[in-house]
Amino acid sequence: MSARVLDGRAVAAALKEELRADVEGAGSVPGLAIVRGGGDEAAEVYARRLEALCEELGVGTRVVEVAPGASTDDAIAQVEALNADAEVGGTLVQLPLPAGLDETAVIAAVDPAKDVDGVNPVNAGRLYLGLPALAPATPLAVMELLRRHEIEIAGRRAVVLGRSNITGKPLALLLLREHATVTICHSRTADLGAVVREGELVVAAVGRAGLVTREMVAPGAVVVDVGTNVVDGKLTGDVAYDEVAEVASAVSPVPGGVGPLTNLMLVRNLLRAAELRAGAMPSPR
């Protein structure tokens, strides 16, 4: 069997044009604020890419620096100022923040209706309850990739490898919402291979290169790779792509699968946030 490639780049190209049209149709879209200050090079590169994408789509951005030596209260005050700013439609708190800050408290200060990264505890709780909420971008990207490739979810057994608060857990909830039967695997899962083989849909989001091998995948399963690892200077995923492609019915590559969609889902969340601010969600305090 030669697996179908779940091509994220092609989906991203189509989605980008749709979002561009949505922004133009809206006339005026409040911008995105990026709160950062940890001095992390990778985070700075990510922020620049996100700014470039927003500029391309006609969305304004604002970078808010948390100064070294700032207190948690100082950072919270900066976030609360963005909550009250009508020109800001979404706020992304980019980690790491300067050492010594309570990052959880800073994230919790973001207005849930401006929380485009979907990590505020209110959004996490609302997602759990099946209420209107902004979900994290990477799980949304996985769901979009599956939807655009017309992968059936309802009634299927799904196995999610990884239980992080920003990927594994919210993804499991999104799959449940689409009526999959979901198992979450993690570092303490006994006989991991046997559990993964039960999956008709497998999503790997652990951060271990080549973790998912051919022997772990049931013939005909759909495999989505969310992993991002650098091996010998090259980006690779959690799935041993070439060997898994011999048994799976469909598999996403790394790079070129989920990754190209992630920032686009942030922009989509920015547009959706306007609907939530219109009355679907309470204020953070």
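Preceding block: the structure.
If you're wondering where the values come from, they're calculated on a predicted model, not measured in any experiment.

Participant: Help me out: how do you make sense of the sheet that holds strand β1 (residues 4-5) in this one?
Facilitator: Working definition: the strands of a sheet are paired by backbone hydrogen bonds and lie parallel or antiparallel to each other. Overall, parallel pairing links the 6 strands, which are arranged β1-β11-β8-β7-β5-β6 in an open sheet. Because the sheet does not close on itself, it has two edges, and the strands there are β1 and β6 (181-185). Sitting on the sheet, helix α6 (residues 137-148) is in contact with β7 (201-204) and β8 (222-225), with an inclination near 145° to β8.

Participant: Quick question: what am I supposed to make of the pattern of salt bridges here?
Facilitator: Pairing is possible between side chains of opposite charge, provided their charged atoms come close. The full count for this structure, using the stated rule, is 10 salt bridges. Measuring nitrogen to oxygen at the nearest pair gives 3.0 Å for the salt bridge that ties Glu144 to Arg268. With a gap of 124 residues between them, Glu144 in helix α6 and Arg268 in helix α10 (residues 259-280) connect regions that are remote in the sequence. The network of salt bridges with shared partners includes Glu18, Glu144, Arg147, Arg148 and Arg268.

Participant: What is the right way to look at the nonpolar core in this model?
Facilitator: Side chains of nonpolar character tend, in soluble globular proteins, to be buried together. Residues Leu32, Val142, Leu146, Leu175 and Val224 are the most contacted members of the largest nonpolar core, which totals 49 residues. What Val224 contacts, discounting residues up to four positions off in sequence, is Leu6, Val142, Leu145, Leu146, Leu201, Val202, Val203, Ala204, Ser252 and Val258. Among the nonpolar cores identified, the runner-up in size contains 20 residues, and Ala204, Val212, Val239 and Ala248 belong to it.

Participant: It is not clear to me how helix α7 (residues 168-177) should be interpreted in this structure. Could you clarify?
Facilitator: Because each turn of an α-helix spans 3.6 residues, side chains separated by three or four positions in sequence point in the same direction. Those residues of α7 that sit buried are Gly168, Pro170, Leu171, Ala172, Leu174 and Leu175. Where α7 is buried, its residues touch α5 (121-129), α6, β5 (157-161), β6 and β7. Looking one or two places after α7, you find His179, whose phi comes out positive at around 75°.

Participant: Looking at this model, I keep getting lost on the pairing of strand β2 (residues 31-36). Mind explaining?
Facilitator: On a regular strand, one side chain projects to one face of the sheet and the next to the other, so that they alternate. The buried count for β2 comes to 6 of 6 residues, which makes it a mostly enclosed element. Of the two faces of β2, the one holding Gly31, Ala33 and Val35 and the one holding Leu32, Ile34 and Arg36 are both buried throughout. Sheet topology note: the β2/strand β4 (residues 88-93) ladder contains 5 bridges and is parallel. Bridging across to β4, Val35 finds its partner in Val93. Here β2 runs beside strand β3 (residues 61-65); their pairing, made up of 5 bridges, is parallel. Bridging across to β3, Leu32 finds its partner in Thr61. With helix α2 (residues 41-57) bridging β2 and the parallel β3, this β-α-β connection has right-handed handedness.

Procedures and definitions
Every chain begins its residue count from 1, and numbering advances along the sequence as written. With the structure being a predicted model, the display of local features is reserved for residues of pLDDT at least 70 and the display and counting of side-chain atom pairs for 80 or more, all residues being used for whole-chain, interface and lining totals. With hydrogens and water stripped out, all remaining heavy atoms of the structure feed into the side-chain values. By definition, two strands form a pair when at least two bridges between them are found by DSSP. Helix and strand assignments come from DSSP, with helices taken as H or I runs of at least 4 residues and strands as E runs of at least 2, each series counted from the N terminus. Residues are treated as being in contact if the distance between any of their heavy atoms lies within 4.5 Å. In this analysis an axis means a line fitted to C-alpha atoms, helices contributing only their contacting stretch, and an angle means the value between N-to-C directions, from 0 to 180 degrees. Any Lys or Arg side-chain nitrogen located within 4 Å of an Asp or Glu carboxyl oxygen qualifies as a salt bridge. Residues grouped as a nonpolar core are buried Ala, Val, Leu, Ile, Met, Phe, Trp, Tyr and Cys residues, joined through side-chain atoms within 4.5 Å. When a residue's accessible area, from a 1.4 Å probe over protein chains only, is under 20% of the maximum for its type it is buried; when over 50% it is exposed; and in between it is partly exposed. We call a crossover right-handed when, viewed with the strands running away from us, the connection from the first strand over the helix to the second turns clockwise.

Remember that the coordinates give geometry; whether it matters functionally is a separate question.
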